[in-house]
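Next come the chains, spelled out residue by residue.
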Amino acid sequence: MASSLMSLVNDDSRYQKCFQLFLERSSEHQCMRDFIHNMLPDILASIGNGKSHLNVIGVGSGAGEIDLEMLSELRLKHPGVTVDNEVVEPSSTQLNNYRVLVSQKPGLDYIKCTWNQMTAIEFEEHWKVKKMTKKADFIHMIQMLYYVKDPGATMSFFRSLLDKNGKLLLMLVSGESGWEKLWRTYRNQLCNTEISQCVTTGDIKSLLDSKGVSYQSYELPSQMDITECFTEGDEKGELLLDFLTEVLDFSKTASSELKAGVLELLRHPDCSVESNGKVIFNNNLGVIVIDQLT
Ligand code: SAH
């Protein structure tokens, strides 16, 4: 049965609130930073073919904190390069946060940003209508493929924009995470498949395997403290539950059976560990890196 619940992504202001709290309660960005500092430099070493100017596209960049960390590793690996940074982000709030961050952070003169306030699909259309021939050296999609209708098609389009030695990097929750268990059990009751897909790197790997596309993959351990979800009426717990289920006002709009089932699964050992009175959800992330189609 398709869900009649309203998707959280319909309400940008609540989505942003939930997302901020999720960042505070999880090691999401820290685990991305560890990956960016420890693994990304080697991944980026071969891009660009010796060029002094690199084209980067960030899709679903949010407020840009993670993007700027990647760009700074890129610059360390390729000293002296200038970077053309296309940012694709539909949320005007987030795009504005990103602009502010760029304007306040010193030492970014080597980056020229182009701000595209649009979805990945709109960007694809815009690119085709304008008959753009520019190629990209590095394209990343961090935690965004949930929001496109056909993740495989979006990946193929962006991969087609890669220049020689270019790389496409995507990050999603891992197929081994609590998210996967939650979605496997409740996807039909929770997800609005029109605008949000319950997709993990496990699904993407199966898709790529079936097409014979080779890739590198990495698992990043991450945790999320969901203890507040279990205190009835707790405002923060409700925001976290909205974020976990992707349902707007989940606690107020879901049936009591669904609520009870979700809460039980969330603290089940398949999803979480309990220690010192805290419920710690498995928020492991996966990274997939695909080369240019040759
Ligand atoms: N990459 C950032 C933000 C992840 S949240 C980070 O990891 O911190 C997901 C982001 O994708 C949000 O900023 C949201 O506005 C954006 N988004 C939602 N739908 C999108 C779409 N169809 N195309 C591109 N970006 C989208």
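Residues numbered from 1 in each chain as written. Predicted model: local features only at pLDDT ≥ 70, side-chain atom pairs only at ≥ 80, totals over all residues. Heavy atoms only, no water.

Caption draft 1: View of helix 2 (residues 28–38). Every buried residue of helix 2 is listed here: Glu28, His29, Cys31, Met32, Phe35 and Ile36. Projected down its long axis, helix 2 shows its buried positions confined to an angular sector of 160°, all on one face. (Buried < 20%, exposed > 50% of the residue type's maximum accessible area, 1.4 Å probe, protein only. Helix = DSSP H or I, 4+ residues; strand = E, 2+ residues; numbered from the N terminus. Arc of directions from axis to C-beta.)

Caption draft 2: A look at the pairing of strand 3 (residues 111–116). Alignment of strand 2 (residues 82–88) against strand 3, held across six bridges, turns out to be parallel. Each bridged residue has a counterpart across the sheet, and for Glu86 the counterpart in strand 3 is Thr114. Handedness of the strand 2-helix 5 (residues 92–104)-strand 3 crossover: right-handed. (Pairing = 2+ DSSP bridges. Right-handed = clockwise from strand over helix to strand, strands pointing away.)

Caption draft 3: Examining the side chain of Asn85 more closely. With respect to the helices and strands, Asn85 occurs in strand 2. Taking the relative accessible area as the measure of exposure, Asn85 reaches 0% and is therefore buried. Excluding anything up to four places from it in sequence, Asn85 contacts Val56, Leu71, Tyr98, Ile111, Lys112, Cys113 and Thr114. (Contact = heavy atoms within 4.5 Å.)

Caption draft 4: Spatial organisation of the pattern of salt bridges. The tally for this structure, following the rule as stated, stands at 15 salt bridges. Linking Glu86 and Lys134 is a salt bridge whose minimum nitrogen-to-oxygen distance equals 2.8 Å. Placement of the pair is Glu86 in strand 2 and Lys134 in the loop between helix 6 (120–129) and strand 4 (136–142), with a sequence separation of 48 residues. Classification of Lys134 as partly exposed rests on a relative accessible area of 25%. Taking the shortest distance from any N to any O, the salt bridge between Lys167 and Asp291 comes out at 3.4 Å. (Salt bridge = Lys/Arg side-chain N within 4 Å of Asp/Glu carboxyl O.)

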